Amino acid sequence: MNKELLQERKKMIYDFICDELYVPMKAKEMAIVLNVPKSQRGELLEVLDALTADGKVEISGRGKYVKSEGKYLTGVFTAHPRGFGFVTVEGEEEDIFIPAAQTNGALHKDTVQITLSKNSSGKRKEGTVTKILSRGTEQLVCTYEKSKNFGFAVPDNPRFAQDIFIPLERSKGAVSGHKVVVEITDYGKNGKKPEGKVVEIIGHINDPGTDIMSIVKGYDLPVEFSQKIMKQVENVSNEVSAADMAGRMDLRDWQTVTIDGEDAKDLDDAITLTKEGDLYELGVHIADVSNYVQESSALDVEALKRGTSVYLVDRVIPMLPHKLSNGICSLNAGENRLALSCIMKIDEKGSVIDHTIAETVIKVDRRMSYTSVKKILEEHDVAEIEEYKELVPMFERMKELAAILRKKRMKRGSIDFDFPETKIILDEQGKQLAVHTCRGGDAYRHRCKLLETRIQKSRPNTVGDNSPQPNRKYYMHLKNLSEHYAHQVSREILNFCKENQAGIIVLPDYDQN
């Protein structure tokens, strides 16, 4: 049943149970009293289960439904490798500690019902799992080990501390050392281990690429796009049409660059910078993806679900199909592209005194890399300066403005975490050859500054004017960062987001040489 109908029926049944004339009864007895036909008794059970999960209704030892006296709480269990865990309860400021002896068979991500312990030894509340309302995990990536008459699978996720028993006939022929996807068929109880079956063999632990695919499967990362989505993408043009450009501010004659890592394919932001007198005019241009992704379409729903592109050691799992992310929505040099632009006037103290937000058409002059900009600004490489001589004055202005903005940020208490980045080099077989470390220098700090200006752009009335706020979506959601391991985002950036109350942002690429 839909949510509205469920809520309506929950209220009706709860009011019935709370009535002073109500006597505890089983689901079958309740169905008879309420004249619920046999064909709809499953729906009654669904309502009663929902009320139980909410903690409003309890089931007595005789299986009868009664109004909860408030002694039960419902939340999600987070397991620890050492056996204990924590339950997150909506409305509670702190998680509730569950000792190992009181988990009562709960596994990581299970929704559980708990009671609070009266004699907690520490400051944190403690509790006991009294009932497992729903299981949070159905499949796990494991390493398979074969014995003579059976097998067992050791979960990759250390929060699942128990091995899973695999009957030999349900092993799909897996051998010791195979990475497998296991579906749990019995979660076990009273000291009995969980039982499962192998549903997919990823590969042997010594085979190239098996470790990466284990990560993909372990985090349930979507690799392919559905046929419905790909059909939608087929209708997208490879070039910006005159109709698309109509009514937009034309900035194609502005000197514009992108700055990314050498390996980057989807170039989603560009920058322009001029100076007149004491005022800098900074333009930050974001690829206007929403022009090609209709709201509530299959592609829009899939992009929201993915939240971000996922960068692994040897591949990228894109948030949008390549035709969009690497094509019409990528700010490739020499191509007309649609963008959302924030054009800011900044004084020599780093204050934004005016800004305009507009739908624009841009054309990037050069595709720059962190390495090239670093050579120009820090190493003063003669060959690199000659190669990009028409852009060098703009890069020098960028360095000036970045220093001004950084100084202002430091006065507000910001900490500059300039940690070295790592890049893993693989051979053709996917085996590690080397790990390179590097620092981003001013070129990378510039990208962080791009992020800051994007966030400023997302905040209405930054300087008190009434510039229109285009109704556009950014396709990288801050709430998803904890669920996707696409980027190692610096703490400075996260703190900036919190400080500025940014709900959604677009992150810079982190790949660099």
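Residues numbered from 1 in each chain as written. Predicted model: local features only at pLDDT ≥ 70, side-chain atom pairs only at ≥ 80, totals over all residues. Heavy atoms only, no water.

Visitor: Looking at this structure, how should I read the overall build of the protein chain?
Guide: A count of helices and strands for the protein chain gives 13 helices and 23 strands. For the protein chain, the residues scored as buried account for 43% of the 513 residues in total. The long-range fraction of contacts in the protein chain, counting pairs at least 24 apart against all pairs at least 6 apart in sequence, stands at 63%. If you sum the accessible surface of the protein chain, you get close to 27800 Å²; carbon and sulfur atoms cover 49% of it. (Helix = DSSP H or I, 4+ residues; strand = E, 2+ residues; numbered from the N terminus. Buried < 20%, exposed > 50% of the residue type's maximum accessible area, 1.4 Å probe, protein only. Contact = heavy atoms within 4.5 Å. Areas by Shrake-Rupley, 256 points an atom, 1.4 Å probe, with all protein chains shown as cover.)

Visitor: Would you mind showing me how to read the pairing of strand β20 (residues 352–363) here?
Guide: For a regular strand, the rule is simple: side chains alternate between the two faces of the sheet. Judged from the two bridges that link them, strand β13 (residues 249–250) and β20 form a sheet pairing that is parallel. Of the residues in β20, the one forming a bridge with D250 is V361. Note that strand β19 (residues 336–346) and β20 share eleven bridges and pair antiparallel. Residue R337 lies in a different strand from β20, and its bridge partner there is I362. The hairpin formed by β19 and β20 contains five residues between the paired strands, and G350 there has a positive phi angle of roughly 90°. (Pairing = 2+ DSSP bridges.)

Visitor: Which parts of the structure should I look at to understand the pairing of strand β11 (residues 178–186)?
Guide: For strand β8 (residues 139–146) and β11, the ladder comprises five bridges, and the chain directions are antiparallel. Paired with C142 across the bridge in β11 is V180.

Visitor: I'm lost on the environment of E262 in this one. Help?
Guide: Structurally, the position occupied by E262 is in the loop between β14 (257–260) and β15 (269–276). Exposure remark for E262: the relative accessible area of 33% places this residue in the partly exposed category. Measuring from C-alpha to C-alpha, the distance between E262 and S372 comes to 9.5 Å, with 110 residues separating the pair along the chain. Polar side-chain contacts of E262 include one of 3.4 Å to the side chain of S369. (Polar contact = N/O pair within 3.5 Å; in protein donor to acceptor, adjacent residues only side chain to side chain.)

Visitor: Explanation requested: the environment of S147 in the structure shown.
Guide: Relative to the assigned elements, S147 resides in the loop between β8 and β9 (150–155). Each C-alpha atom of the pair S147 and V175 lies 9.3 Å from the other, and the pair is 28 residues apart in sequence.

Visitor: Help me understand the pattern of salt bridges in this model?
Guide: Side chains carrying opposite charge are able to pair once their charged atoms draw close together. Inspection of every chain in the model, using the stated rule, returns 17 salt bridges. In this structure, the salt-bridge partner of D156 is K179, at a minimum N-O distance of 2.7 Å. Here K179 lies in strand β11 and D156 lies in the loop between β9 and β10 (164–167), a separation of 23 residues in the sequence. Put simply, E200 and K217 hold a salt bridge, and the shortest N to O gap is 3.3 Å. Of this pair, E200 sits in strand β12 (residues 195–204) while K217 sits in helix α4 (residues 210–218), and the two are 17 residues apart along the sequence. (Salt bridge = Lys/Arg side-chain N within 4 Å of Asp/Glu carboxyl O.)

Visitor: I keep staring at the confidence of the model for the protein chain and nothing clicks. Help me out?
Guide: Close inspection of predicted coordinates is inappropriate for parts of the model with low pLDDT. When the pLDDT values of the protein chain are averaged, the result is 83; 84% of them are 70 or greater. Helix α13 (residues 491–499) is the least confidently modelled element of the protein chain, averaging 43 in pLDDT, while β13 averages 97, the highest of any element. (pLDDT = per-residue confidence, 0-100.)

Visitor: I'm lost on the packing of helix α1 (residues 3–18) against helix α3 (residues 41–53) in this one. Help?
Guide: For any two helices packed against each other, one specifies the inter-axial angle together with the distance between the axes. It is the contact of α1 with α3, at a shortest axis distance of 9 Å, that shows an interaxial angle of 75°. The angle between α1 and α3 places the two elements in the roughly perpendicular class. Two secondary-structure elements touch here, α1 through L6, R9, K10, I13, Y14 and I17 and α3 through E43, L44, V47, L48, A50 and L51. Grouping the constituent residues of the contact of α1 with α3 by class yields nine nonpolar, no polar and three charged. (Axes fitted to C-alpha atoms, helices over the stretch in contact; angles between N-to-C directions. Parallel < 35°, antiparallel > 145°, perpendicular 65-115°, else oblique. Nonpolar A, V, L, I, M, F, W, Y, C, P; charged D, E, K, R; others polar.)

Visitor: Sorry, what's going on with helix α9 (residues 370–379) here?
Guide: When we look at burial in α9, the residues that qualify are Y370, S372, V373, I376 and L377. Summarising the axial view, the buried residues of α9 lie within an arc of 165°, below the 170-degree limit, and thus occupy one face. Two residues or fewer past α9, H380 is found with a positive phi of approximately 50°. (Arc of directions from axis to C-beta.)

Visitor: Explain the packing of aromatic side chains here, please?
Guide: In this description, a pair of aromatic rings is defined by centroid distance and the angle of the planes. Evaluated as defined, the whole model comprises five aromatic pairs. Pairing F16 with Y22 gives two aromatic rings, centres 5.3 Å apart and planes at 75°, and the pair type is edge-to-face. A centroid spacing of 5.9 Å and a plane angle of 90° characterise the contact between F84 and F86, whose relative ring orientation is edge-to-face. Classification of F84 as buried rests on a relative accessible area of 16%. F86 gets classed as partly exposed once you look at its relative accessible area, which sits at 23%. Taken together, the aromatic side chains of F84, F86 and F97 make up a single cluster linked through ring pairs. Cation over ring: K56 sits above Y14, and NZ or CZ is 5.5 Å from the ring centre. A cation sits over an aromatic face here: R306 above F225, 3.8 Å from the ring centre. (Phe/Tyr/Trp six-rings, centres within 6.5 Å; stacked < 30°, edge-to-face > 60°. Lys NZ or Arg CZ within 6 Å of the ring centre and 35° of its normal.)

Visitor: How should the packing of α9 against helix α11 (residues 392–411) be read in this particular structure?
Guide: Orientation of α9 relative to α11, taken along the N-to-C sense of each, is 75°, at an axis distance of 11 Å. One way to sum up the angle between α9 and α11 is to call them roughly perpendicular. Across the interface between the two elements, V373, I376 and L377 from α9 touch V392, F395, E396 and K399 from α11.

Visitor: How do you make sense of the sheet that holds strand β5 (residues 96–98) when you look at a structure like this?
Guide: Within a sheet, adjacent strands bond to each other through the backbone by hydrogen bonds, running parallel or antiparallel. Pairing is antiparallel across the open sheet formed by five strands, whose spatial order is β5-β4-β3-β6-β7. Here the strands that pair on one side only, and so sit at the sheet edges, are β5 and β7 (127–134). In this sheet, adjacent strand axes meet at a mean angle of 40° when their direction is disregarded. Pairing geometry for strand β4 (residues 85–88) and β5, over three bridges, is antiparallel. Bridge pairing in β5 places V87 opposite I96. In the packing of α3 onto the sheet, contacts are made with β3 (72–79), β6 (111–116) and β7, and the angle to β7 comes to roughly 155°.

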